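Coordinates in review
Next come the chains, spelled out residue by residue.
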Amino acid sequence: MWITPEEVALKNALKLWVTDRSNDYFLLQHRRGHGDTGGKITGLLVGALDTVLDSNARAAPFRIVLHVPGSQVSWVIASGATIEEVQKHWKWLDQNLLPYMAVFENKEDAASFVQGKVKGLIAEEVLGGQAAREDDPARFREDLARFEQRFGLPQREKLVTHYSCCCWKGRVPRQGSLYLTTNHIAFYSFLLGKEVKLLVPWAEVTQLERVSVGLLTDVIRVHTRRKTRDFSMFLNVDEVMRVMCQLADIALRRLLDSGGLTLDQSLLESTNITKRVLEEQALRQYVLSLFGLPRAERLQEVMSCSVWTPHARCHTPGTVYTTDGYLCFSSREEGQCTLIIPLAEILSIEKAESTSALPNPVIISVRCKRAFQLIELLHRDELVENIRHRLRDLHWKQNLIRGHDQRRKSTISTTPYYTFCYDTVQSDEEDSSVIISDKALRHTVHTDLMSTFHPSQSDAPNKTCNMEQIRERLWEDHFTEFGRGVHMFRTDKIRKLVALGIPESLRGELWLNFSDACSSLAAHPNYYTDLLERCRGETSTATEEIERDLHRSLPEHPAFQNETGISALRRVLTAYAFRNPAIGYCQSMNILASVMLLYTKEEEAFWLLVTVCERMLPDYFNRRVIGAQVDQSVFEELIRERLPELSERVPDLSPLASASLTWFLTLFLSVLPFRSALCVLDCFFYHGIRAVFQIALAVLDANSAELSTCSDDGHALMILTSFLEQVRHEEESDVCPEDAGASPHLNITTLITDAYEKFSGVMVKHVEMLRCRHRVHVLQAHEDTTKDNALRLVTPDVSLSQEDLSELYDLFKTEHFISLYWGEGVCASSSASASASASASAAGCTERYVVDRAQFKSLYELLTPWSCGTHTDTVAQRAFTLLDQDRDGLVTFSQFAQMLDVLFCAELSEKIRLLYRLHIPPALSEDAEDSSPLKSPVLSSTRPLYVNLPNGERKSYEEQLQQMLLDLSRGKEKNEKPLPHMNQHQFIQFCKTLYSMFQGDPDEAELFQAIGMVASLVLQIGEAQQSGQSRSEEHWSASFEQILASLLTEQVLVNFLERPVELSVRISAAKPRQYQERAGLLMISP
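The residue numbers shown here count from 1 along each chain, following its written sequence. The model is predicted, so local features are restricted to residues of pLDDT at least 70 and side-chain atom pairs to those at 80 or more, both for listing and for counting; the totals for chains, interfaces and linings are taken over all residues. Hydrogen atoms and water are omitted, and side-chain values are computed over all heavy atoms in the structure.

Naming follows an unreviewed UniProt entry, where the chain appears as TBC1 domain family member 8 of Onychostoma macrolepis.

For the rest of this paragraph, the subject is the overall build of the chain. Summing up its helical and strand segments, the chain has 42 helices and 28 strands in all. Taking all 1086 residues of the chain together, the buried fraction comes to 52%. Contacts were defined at the residue level, with two residues in contact if any of their heavy atoms lie within 4.5 Å. Here the analysis covers contacts within the chain between residues at least 6 apart in sequence; of these, 66% occur between residues at least 24 apart. For the accessible areas, the method is Shrake-Rupley and the probe is 1.4 Å, while residue cover comes only from the protein chains on display. For the chain, the computed accessible surface area is about 49,500 Å², with 51% contributed by carbon and sulfur atoms. By the criteria applied, helices consist of DSSP H or I runs no shorter than four residues and strands consist of E runs no shorter than two, each listed in order from the N terminus. Three labels apply to residues, based on accessible area from a 1.4 Å probe with only protein chains included: buried if under 20% of the type maximum, exposed if over 50%, partly exposed otherwise in between.

Attention now goes to the pattern of salt bridges. A side-chain nitrogen of Lys or Arg and a carboxyl oxygen of Asp or Glu constitute a salt bridge if their distance falls within 4 Å. Overall, the coordinates contain 42 salt bridges when judged by the stated rule. Measuring nitrogen to oxygen at the nearest pair gives 2.6 Å for the salt bridge that ties Asp492 to Arg495. One end of the pair is Asp492 and the other is Arg495, both in helix H12 (residues 492-500) and three residues apart, which spans about a single turn. Given the relative accessible area of 35%, Asp492 is considered partly exposed. Residues joined by salt bridges that share partners form a network here, namely Arg226, Lys787, Glu807, Asp810 and Lys1071.

According to UniProt, the positions carrying the feature "domain: EF-hand" (unreviewed entry) are residues 871-906. Along residues 871-906, the helical share is 69% and the strand share 6%, with 23 Å between the first and last C-alpha atoms. UniProt positions are given in the numbering used here, feature names are shortened, and annotations may be inferred rather than shown by experiment.

Given two aromatic rings, one states the distance between the centres and the angle between the planes to describe the pair. Centres within 6.5 Å make a pair out of two Phe, Tyr or Trp rings, where for Trp the six-membered ring is used; the pair is then stacked when the planes are under 30 degrees apart, edge-to-face when over 60, and tilted otherwise. All told, the structure shown has 37 aromatic pairs when counted by the stated rule. Ring centres of Phe817 and Tyr821 lie 6.4 Å apart, and the angle between their planes is 35 degrees; this geometry places the pair in the tilted category. Note that Phe817 and Tyr821 are positioned in helix H31 (residues 802-822) at a spacing of four residues, about one turn of the helix. Given a relative accessible area of 3%, Tyr821 falls into the buried group. Counting every residue linked through ring pairs, the aromatic cluster contains Tyr809, Phe812, Phe817, Tyr821, Trp822, Tyr849, Phe856, Tyr860, Phe880, Phe893 and Phe896. Charge over a ring is defined by NZ of Lys or CZ of Arg lying within 6 Å of the ring centre and within 35 degrees of the ring normal. The aromatic ring of Trp17 is capped on one face by Arg63, whose charged end is 4.1 Å from the ring centroid. Stacked on the ring of Tyr286, the Lys or Arg Lys765 has its end atom at 4.7 Å from the ring centre.

A few words on the packing of helix H18 (residues 589-599) against helix H19 (residues 602-616). The description of two helices packed together rests on the angle between their axes and the distance between the axes. Two elements in contact, H18 and H19, have axes whose closest approach is 9 Å; the angle formed by their N-to-C orientations is 140 degrees. Overall, the two elements H18 and H19 adopt an arrangement that is oblique. In terms of crossing hand, the pair formed by H18 and H19 is right-handed. Taken together, the residues of H19 that come into contact with H18 (itself represented by Met589, Leu592, Ala593, Met596 and Leu597) are Glu602, Ala605, Leu608, Leu609, Val612 and Cys613. Each residue is assigned to one class: nonpolar for Ala, Val, Leu, Ile, Met, Phe, Trp, Tyr, Cys and Pro, charged for Asp, Glu, Lys and Arg, and polar for all the others, Gly among them. Looking at side-chain class alone, the contact of H18 with H19 contains ten nonpolar, no polar and one charged residues. In this description, a line fitted to the C-alpha atoms serves as the axis of each element, helices being fitted only across the stretch in contact, and the angle between N-to-C directions of two axes falls anywhere from 0 to 180 degrees. Orientation categories follow fixed angle ranges, with anything under 35 degrees roughly parallel, anything over 145 roughly antiparallel, 65 to 115 roughly perpendicular, and all other angles oblique. Crossing handedness: left-handed means the near helix sits turned counterclockwise from the far one by under a right angle, and right-handed means the same turn made clockwise.

Among the secondary structure elements, Asn183 is positioned in the loop between strand E7 (172-181) and strand E8 (184-191). Measuring from C-alpha to C-alpha, the distance between Asn183 and Ile250 comes to 9.3 Å, with 67 residues separating the pair along the chain. Residues within four places of Asn183 in sequence aside, it is in contact with Glu157, Val200, Pro201, Trp202, Arg254, Tyr821 and Trp822. Polar contacts, as used here, are pairs of N or O atoms within 3.5 Å; protein pairs need one atom able to donate a hydrogen and one able to accept it. Residues neighboring in sequence count only if both atoms are side-chain atoms. In terms of polar contacts, Asn183 uses its side chain to reach the side chain of Glu157, at 2.9 Å. A distance of 3.0 Å separates polar atoms of two side chains, one belonging to Asn183 and the other to Arg254.

Sheet strands pair via backbone hydrogen bonds, and the direction of the pair is either parallel or antiparallel. At least two DSSP bridges between two strands are needed for those strands to be called paired. A sheet is described by the order of its strands in space; here seven strands give the open sequence E9-E8-E7-E6-E12-E11-E10, paired in antiparallel fashion. With partners counted over all chains shown, the strands left at the sheet margins are strand E9 (194-201) and strand E10 (205-213), one partner each. Strand-to-strand twist across the sheet, computed as the mean angle between neighbouring axes with direction ignored, equals 30 degrees. Alignment of strand E11 (residues 216-224) against strand E12 (residues 228-232), held across four bridges, turns out to be antiparallel. By the bridge assignment for E12, Arg221 is matched with Asp230.

With that settled, consider the pairing of E9. In terms of residue burial, E9 counts as a mostly covered element, since six of its eight residues are buried. Pairing of E8 with E9 involves eight bridges; the strand directions are antiparallel. Looking across to E9, one finds that Tyr188 is bridged to Lys197.

Looking now at the pairing of E8. Side chains on a regular strand alternate between the two faces of the sheet. For E8, a buried count of seven out of eight residues is recorded, marking the element as mostly surrounded by other parts of the structure. Here E7 runs beside E8; their pairing, made up of four bridges, is antiparallel. When the sheet's bridge partners are listed, Leu180 is paired in E8 with Ile185. Adjacent in sequence and paired antiparallel, E7 and E8 are bridged by two residues.

All right, on to the confidence of the model for the chain then. The predicted structure's coordinates, where accompanied by low pLDDT, should not be read in detail. Each residue carries a pLDDT score, the predictor's own confidence in it, on a scale running from 0 to 100. The pLDDT averaged across the chain works out to 81; a share of 79% of its residues lies at or above 70. Of the regions scoring below 50 in pLDDT, residues 825-845 engages in 17 contacts with residues more than four places distant in sequence or in other chains.

What follows covers unusual backbone geometry. Cis peptide bonds are those with omega within 30 degrees of zero, and the linkage from Pro921 to Pro922 qualifies with 5 degrees. Tracing the chain through its elements places Pro922 in the loop between helix H36 (908-917) and strand E25 (946-948). At Phe668, a position not held by glycine, the phi torsion is positive, near 70 degrees. Accessibility expressed as a relative area gives 0% for Phe668, which makes it buried.

All right, on to a nonpolar patch on the surface then. The patch calculation keeps residues exceeding 30% relative accessible area without a salt bridge and links them within 9 Å when they carry like charges or within 5 Å when they are nonpolar (Val, Leu, Ile, Met, Phe, Trp, Tyr). The grouping of Ile470, Leu474 and Leu500 at the surface amounts to a nonpolar patch, some 210 Å² of accessible area in total. Tracing the backbone through its elements, the reader meets Leu474 in helix H11 (residues 462-482). The exposure class of Leu474 is partly exposed, given its relative accessible area of 35%.

Over its twelve residues, helix H13 (residues 504-515) extends 17 Å from the first C-alpha to the last, a length consistent with the 16 Å expected when each residue adds 1.5 Å. For H13, the tally of buried residues reaches ten of twelve residues, placing the bulk of the element in the interior. Looking at H13, one finds that the buried residues are Leu506, Arg507, Gly508, Glu509, Leu510, Trp511, Leu512, Asn513, Phe514 and Ser515. Just past H13, the residue Asp516 takes up positive phi, approximately 65 degrees. For a helix, the expected span equals 1.5 Å multiplied by the number of residues minus one.

Another point: the sheet that holds strand E2 (residues 17-22). Strand order in the open sheet formed by five strands is E1-E5-E4-E3-E2, and the pairing between neighbours is antiparallel. One side of each edge strand has no neighbouring strand; the edge strands of this open sheet are strand E1 (2-9) and E2. Adjacent strand axes in the sheet meet at a mean angle of 35 degrees when their direction is disregarded. In the sheet, strand E3 (residues 26-31) pairs with strand E4 (residues 62-67) via five bridges, with the strands oriented antiparallel. Residue pairing across strands places His30 opposite Phe62, the latter belonging to E4.

In structure tokens, the structure reads:
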């Protein structure tokens, strides 16, 4: 392999390298001690030195050095693992470069010429390989070559990055290299002559965690189902942990049944995954969660800048993020100041004159007569041009959707609009009236839920009425200073207002603005109405579940005690089920939708539900509620981080985390009093899931003393339930005075304020990192459940032990994964999985994994007790055709297990029945040609027909067969379907298979003679049955019973077919061979 020229001091290098060949400019050397047998001390010490000092774990044993005569500095230009590889490069240098070196008068110029040529060769190789997409292609190419040399995996195995580290075995560290690929964790070490290779598929990783072991504080522990491995001594452990979590998450989403989890399109093809792509993906996920943007948004630009904040009368430094449809800003301190501007709201974006006070300013004007100023943009021109381009595309699409005949002229103004956001007085009466009319329309619901069922202020107590008016006035003052709409400044002041509770009159509007659901509503006019028209009269499982839950949605609220509210709720839930059939309907969606209908119009409630299910709570409402379980696991870790005293007193926190599942699914609506739960919902729409984590931690913190003394899980649940029932809104203490003496009430505002103050350190970035890590554990837990269900399905039909069945399932799954790793057509796996899922649904179960013909053949050759040499391939093909009953080209695990059960555990007659079925249609077609080189056996029908009985008597085969057939007919089950007769061609193939099974057996001669006797007997029986007909091969036939009885007459055949074979032994031998045969891999575990 050509490598980027590296300077070496030749004088010092001679101590570790031995020169084999040389000329005026080049040296071919090998590593001192390489190839020594018997473990000479020189080779061991040099190898250990390479491991300890070399970041690549082990230097290549051969290299070519460019040497300038008279100089003490040389350059390594090529290296290799074998002498043949290096000699190939030496030959190329000798033929293509050395003859031209003499033309250079200056030797230094000659050396520069060679270095430039080598770099050119490297560049040509890089352009056509994986390294082309990396930040440092030359270095990555060298790492890739070492990885391929050491592990021998196929080229489709995409290396992402590698790190130098130690792998611990007990208390013994092994220094080496950790290679992270799209499918595996690979570790290589060479120490004191011992080479260690470790390969762990991501599909087997159940958990990743950072732990402290003794004096080592930054250890990454990798858990699999069988072992736990520790890796340490990383230069940047945070980066390694992030990359490992991302790769494990991506691999499990691609390989396992993720229950509806979505994966970014750019990550579906493993060849697209690089370290840079992973960094971009992590940043994108953080931005989407921080601002609550749609999951489909792609991150475009990220730049440091400062934004003029009128409330602070200064420029606030931070970062601007642009996506396909949004421009967002976040201050350096997360949460201090946030700004979200949908591109659909932008009228113009202009560059202003740059000054020393305002360097590189940009003015963004929006529809509500406001403008935002950004300064200190390093790449201002690029940002403005890109946003203008997206604005033109967006406005064109809007005009197309609205049905305009003419395209509206560009909305980008030629003169900057300098009405900054702190100039809040409306200068246009018409615009003011539009805002007023829109405000009036917002509270005009055609289902009339709000105006009908919300209590009027005249009916409310004076104190409640006064508090409501005070909150409304505070919010109006806030709008005046900070703006109104999606693009209002979100600061610490608005957080405090939200904690006090949003006024009833503003709740719907602010929910729509905080969540940005209003942007989806504006971008899809008439979508909801059209959707209702399309799904009218349609029925599905989702609609049936919706009907069952309609009357369980806030049953105590008068709005849902009549048909008006029930009908509106039915329409919203049904419309969403048809919009997103992947989710359909999930319990708790009815509770959320019913609350939304109380404060918004029906169409607005629909888009709020869309926003919650698809943006704010992604993956919560799929068929396995994966997202909620992941957050439940994240919450358990946050308890350990933020409530250390409670975690010390309650070692097992899983019951507390399990009790919180309902809190997350219903956003506390099902556990808190209604008015209190509304305040939590206010916080959720403003802060997202971060607020739910903070409030849940505050609940546990308030009850930590009682929870520490709990005797059981039920007692803890009672404590939490009782506490949450006493959390009241300040207005409810006057409404329900009779409860005052029961127990002290906690104000919901106090609980929310405590949550914000005590747990302000729960940041979005940290939550996203924990989600990525814990998703691995949750997906693997579901995988274990899938395996248990599959084994439970197969167990009644087989006699295999549970241990063998479990190991067989893992082997079957690994074969499925190997095809996904390196198969010719990975895309075909999607259709295979879809077909398997459809078949499973029809059967009322889940068969996640299937194998095609090539995968089945590989498994059959690894496990079959009947090895047929070169004929094995033919038998495997017939076995697959026999099992593939629905002719979809796939075999399920249950079918495969049932076949092996016959081969290893069934009675002799059942084994012969299976062998018989492999040689009649459909397993053996009439026009099938046998591709194996084994010759057909020579059959004769003129041999003597008698059998020796145990008592020394001789009995004719005819009498013996008649007795056996009579016994078989007596023991035959009445409901067993008779097998069709076998013709002569099929019988010859049957005998051929038997002959191939005996090759290499110690009793080979006796077995050949016995099968010859059986074949002759069956041929005579077939000929005897042709009485009255012209004797020909076309009319010859033999039944299964006749062939079985004939085989039973030869004890040596019976002994061979009944010879016990342990399936566990076959599986143990198959595990390492499975990778060896499919990937050419030699794996040595430490």
